[in-house]
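Chain residues, written in single-letter form:
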Amino acid sequence: MESNDFTPEQLAEAKRLAPLFQLNYQTTCAATVMFQTRLCRRNKTIMDTRAMFLKDMGTLGPEAYLPRRKVVEWMDSNSNGEGEQKVAWLMAMYVYEIVKASSKRERDWGHLVFTDAFVDRCLLVMVFPSPSDASGFSHEDYAKLTKWHAHRFMAMCMCIFHDDAPVSWVRATYVTEDQLEAPDFRLGKSFLSFNTNPFVDPFTERDLPPFFTVTPGTVLPCLLASDVFKIDSVRAQDPNLKSNPVPIPQTVRDKVIGDKNTRVSFRGSEWQSRHYRACARCKASKKRDLNLCSRCTIEFYCGKECQKLAWPEHKRWCRAGF
C-alpha cells in the first residue's frame, strides 16, 4: 500500500513502531523483545519470529539450530486449540539473555521462548547436551539451571511490565539431545496448559523432564542491580515514556534484585566459560576492550569508527536510562 492509503493516525503509529520492528529482529535482549512484542500485538501486529528462526541456521550453527527446530515443530503440532486456534503458543525468541550484556557466562543464555497471544504467559524450553559423566552434566544440573532461568525471566517481566498488565506466570522445562533423537519425542501436555497449576498425568508424563512455574508471588531475587538499570533503559525506548518516565518502583526492585551470591553454581566447565562480546556493527568478537555506548549502556562496539558508523541507525532507539 502507498503511504497515501493510511490515515494520519496509522502513519504516526507506524513511525513510532518502526525502530521496534527493526530491533526485534536484531537483538537477543529478552527485555527488548518482550516489551516490543506485547506492544505490537496490542496493535494487532504479529511479528513472525518463527519464520525468521526457520531461516537462521547460519547464526546458531547446526548443533544449536537442529535441536531447537525439533522442539519448534513439536510445539506447532501439539499446542492447544483446534482449527485456527491450533497454535496457541507463539514463538518469541530462540536465543536470549535477560538484557544486553547481562550474560557473563554461557550458562546465562536462554533458549526457546513462547508466549500466548497477548504476552500474558510465557513458556521457556532449554535445550541441553545429553548427560554424561565425561561432560560433568547431570539432570540435577539441568533442572537447577532451568528453574533459575524461569525465575530470572519472571523477574525481568515484573520489571518491564510493572505499570502494565503483569505476566501471570513463566513456565520452563528442558530437553536433552538424546531425548530429541528419540522417535517418540514429546513434551508433556500439562506443560502447554494455560492453567497456573496444571494437572500432571502420572502415567503418561512420569518419564518426562520436570517443569517449573514461577509467578510474581513466588519469584526469587535473581537479577543484579545493573540488570534492572538496563531494563529501565529498554523501557525508555518507548516514545510514550520519554516525556513521562515511570521508573521501576522500589517494591519491585526489592523483590527481584539479588546479588552475585544468588547465582546458581554448576559443575559443567562449559557453563563456567566466559562469554565474550561482539561488536554490534561489524560483529567482530574481542575478548576485551569493547566500547559500551555510554548513553544506553546496551550496545558494544570494537572502536570509535564502528560506533560512529552505527550511530545513524542506533540513534533511532538509543535512550538514556531513567
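Owing to the predicted nature of the structure, the values given are computational and were not obtained by experimental measurement.

Thresholds, definitions, all that
- Residues numbered from 1 in each chain as written.
- Predicted model: local features only at pLDDT ≥ 70, side-chain atom pairs only at ≥ 80, totals over all residues.
- Heavy atoms only, no water.
- Disulfide = S-S within 2.5 Å.
- Buried < 20%, exposed > 50% of the residue type's maximum accessible area, 1.4 Å probe, protein only.
- Patch = residues over 30% accessible without salt bridge, like charges linked within 9 Å, V, L, I, M, F, W, Y side chains within 5 Å.
- Areas by Shrake-Rupley, 256 points an atom, 1.4 Å probe, with all protein chains shown as cover.
- Salt bridge = Lys/Arg side-chain N within 4 Å of Asp/Glu carboxyl O.
- Lys, Arg positive; Asp, Glu negative; His and termini not counted.
- Charge placed at Lys NZ, Arg CZ, Asp CG, Glu CD.
- Helix = DSSP H or I, 4+ residues; strand = E, 2+ residues; numbered from the N terminus.
- Pairing = 2+ DSSP bridges.
- Axes fitted to C-alpha atoms, helices over the stretch in contact; angles between N-to-C directions.
- Contact = heavy atoms within 4.5 Å.

Some points on the state of the cysteines
So, point 1. Counted under the stated rule, the structure contains 0 disulfides.
So, point 2. Here Cys 222 is not disulfide-linked; the sulfur of Cys 159 is the nearest cysteine sulfur, at 9.3 Å.
So, point 3. What makes Cys 222 buried here is its relative accessible area of 5%.

Focus on a negative patch on the surface
So, point 1. A cluster of like negative charges, contributed by Glu 63, Glu 177, Asp 178 and Glu 181, occupies part of the molecular surface.
So, point 2. In terms of residue count, the dominant contributor to the negative patch is helix α7 (residues 177-181) (3 residues).
So, point 3. Within the element layout of this structure, Glu 177 appears in helix α7.
So, point 4. The exposure class assigned to Glu 177 is partly exposed, which follows from its relative accessible area of 31%.

Quick look at the sheet that holds strand β1 (residues 90-93)
So, point 1. One open sheet holds the 5 strands; their spatial order is β1-β2-β3-β4-β5, and the pairing between them is mixed. One side of each edge strand has no neighbouring strand; the edge strands of this open sheet are β1 and β5 (211-214). Between one strand axis and the next, the sheet turns through 25 degrees on average, direction left out of account.
So, point 2. Two strands pair when backbone bridges link them, and β1 and strand β2 (residues 112-115) are joined in this way by 3 bridges, in the antiparallel orientation. Looking at the pairing, Leu 90 lines up with Thr 115 of β2.
So, point 3. Relative to strand β4 (residues 169-176), helix α6 (residues 139-160) is tilted by about 150 degrees, and along the sheet it contacts β2, β3 (121-128), β4 and β5.

Structural notes on the pairing of β4
So, point 1. Among the 8 residues that make up β4, 8 are buried, leaving the element largely enclosed by the rest of the structure.
So, point 2. The alternating pattern of β4 places Trp 169, Arg 171, Thr 173 and Val 175 on one face and Val 170, Ala 172, Tyr 174 and Thr 176 on the opposite face, and all of these are buried.
So, point 3. Here β3 runs beside β4; their pairing, made up of 8 bridges, is parallel. Opposite Met 126, over in β4, you have Tyr 174 as the bridge partner.
So, point 4. Sheet topology places β4 next to β5; 4 bridges connect them, and they run antiparallel. Paired with Arg 171 across the strands is Thr 213, a residue of β5.

A short note on unusual backbone geometry
So, point 1. Its identity is not glycine, yet Val 119 carries a phi of approximately 55 degrees, on the positive side.
So, point 2. Owing to a relative accessible area of 0%, Val 119 belongs among the buried residues under this scheme.

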